[in-house]
Amino acid sequence: MTNTYDSEDKLNKIIEINGIRVFNIKTNKFKTNTINVFFQDDLNVNSVSLNALFPSVLRRGCKGLPTIKEINLYLEDLYGAIFDCGIAKKGERQIMQFYFEYLSDKYTFNSSSNFEKAFEFLINIIFNPVLQDGTFNEQYVELEKSNLKMLVEGRTNDKVQYAQERCHELMCKDEPFGLYEYGSIDQIERITSDELYKHYKEKVSTLPIDIFVTGELNDKDIDLMKGRLKSIKRTAQKALSTSIVKKFVDKVSYFEDKMDVNQGKLSLGFRTNITAKEDDYYSLLVYNGILGGGMHSKLFQNVREKAGLAYFVFASLEKFKGLMVIESGIDIKEKDHAKELILKQLEDIQAGKISDYELNATIKAIETGILSLKDSQLQIVDFYLSQLIAGTHDTMENVIEKTKNVSKQDVVNVSKKILLDTVYFLTAK
């Protein structure tokens, strides 16, 4: 069997078995290859904490390697391979990820296949966990519950990220996106080993699974994957929902939290009315860059540099939900002045006050940012996973080309769709 690839850094689906899709991103620029296994589920208040917990319990051991110590020895024998798992939120999808990075076979000096060992390890970790009396090891579950609670409790340590997350959550408090992807302390504390194991068995047998392999694959590697995936017992695949993109704002909501801070964090949340599938998404991308995408942007130049009202200020998009948040760090007493000047920058764009420099610098910054993704296998994989979730089929080159075609008038047109939804202020006690 001969496999053809479009070109370097492109996504190619090579297998679909049992509701499991396998994609290859062919690249020769790294000495290591990666295997990423993603489970996708709808964000749901009843499952969010359970989904956040079970991958870390699985990480602690599997049949043949029942402890972290034995797993670490296995990784050392595999030329210092790296294994981890994680949780992410993309729109109203909760993503459970298992990640393995290993030395490419062409740099080893033996006949055994690192790819085979890496793939078999991940399948074993996910589908053959350590059990105790027919359920998860209770000690492992309690340890990981403690770790997860500490993670949730520690989310306030990074005040900038916390303010942005809180703005998102308050904007979407009646939508699935308003859930924190790691769940809540109360829910985590109530989870039992039996409940978690039952939940795990249901999810691994029904959720869509996407596997991304970076690096080159040969026919033997593909046959190996086909054989292993066919042997996994799966039931009917769950159909996932698409993200709700709210396209109206009844009234602007105002929220305030008080913490032990010296610097206020002002977050303005907007509905963009634009999904990643729409043609004017690329105009929105440029709009966001002109507004607050770097040192050339209106927010940086006018709010931070000229007015001196912000220690930092930037705008960012959540493309799966059609959201934009402007985040700023300010003197607490300057809240109203800063908010007024920030909103003035949006008004100026609507009025067509966009310089050639702002447009060209933004497009160049987007191009540089996209190309820099190619320096990291994880970022390449994340880019293409995001394309799958959004239902788009862009390559990195497509995104660059489409942004280069955006005109000033396109930016003005898109600016008129942006609606202020939520104002959040993190201030001192």
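This is a predicted model, so every value here is computed, not measured. (Residues numbered from 1 in each chain as written. Predicted model: local features only at pLDDT ≥ 70, side-chain atom pairs only at ≥ 80, totals over all residues. Heavy atoms only, no water.)

(A) Representation of the overall build of the chain in the model. Tallying secondary structure elements over the chain gives 15 helices and 13 strands in all. In terms of overall dimensions, the chain has a C-alpha envelope of 65 × 50 × 40 Å along the principal axes. The buried share among the 429 residues of the chain stands at 55%. For the chain, the share of sequence-separated contacts (at least 6 apart) that also reach a separation of at least 24 residues comes to 80%. When the accessible area of the chain is evaluated, it comes to approximately 19,300 Å², of which 48% is carbon and sulfur surface. Considering the chain, the positive charge centre built from 57 side chains and the negative charge centre built from 62 side chains are found 2 Å apart. (Helix = DSSP H or I, 4+ residues; strand = E, 2+ residues; numbered from the N terminus. Buried < 20%, exposed > 50% of the residue type's maximum accessible area, 1.4 Å probe, protein only. Contact = heavy atoms within 4.5 Å. Areas by Shrake-Rupley, 256 points an atom, 1.4 Å probe, with all protein chains shown as cover. Lys, Arg positive; Asp, Glu negative; His and termini not counted. Charge placed at Lys NZ, Arg CZ, Asp CG, Glu CD.)

(B) Structural detail: the sheet that holds strand β11 (residues 312-318). Pairing is mixed in the open sheet, where 5 strands are placed in the order β9-β13-β10-β12-β11. Edge positions in the sheet fall to β9 (253-259) and β11, since each has one partner strand and no second. Each strand of the sheet is rotated relative to its neighbour by a mean of 15°, with strand direction disregarded. Pairing of β11 with strand β12 (residues 323-330), which is carried by 7 bridges, proceeds in the antiparallel orientation. Within β12, the position partnered with V313 by the bridge is S328. Against the sheet, helix α11 (residues 335-350) engages β9, β10 (264-271), β12 and β13 (419-428), with an angle of about 35° to β10. (Pairing = 2+ DSSP bridges. Axes fitted to C-alpha atoms, helices over the stretch in contact; angles between N-to-C directions.)

(C) View of the nonpolar core. One finds I35, F39, F98, F100, I211 and L229 to be the most contacted residues of the largest nonpolar core, which totals 59 residues. Excluding anything up to four places from it in sequence, I35 contacts F98, Y99, F100, Y102, F115, A118, F119, L122, I211, F212 and V213. Among the nonpolar cores identified, the runner-up in size contains 57 residues, and I25, L268, Y287 and Y384 belong to it. (Core = buried A, V, L, I, M, F, W, Y, C linked by side-chain atoms within 4.5 Å.)

(D) Region of interest: unusual backbone geometry. Positioned with a positive phi, D133 is a non-glycine residue whose angle comes to about 55°. With respect to the helices, strands and loops of the structure, D133 is situated in the loop between β6 (131-132) and β7 (135-136). Taking the relative accessible area as the measure of exposure, D133 reaches 81% and is therefore exposed.

As far as function goes, none of this settles anything; it's purely spatial.
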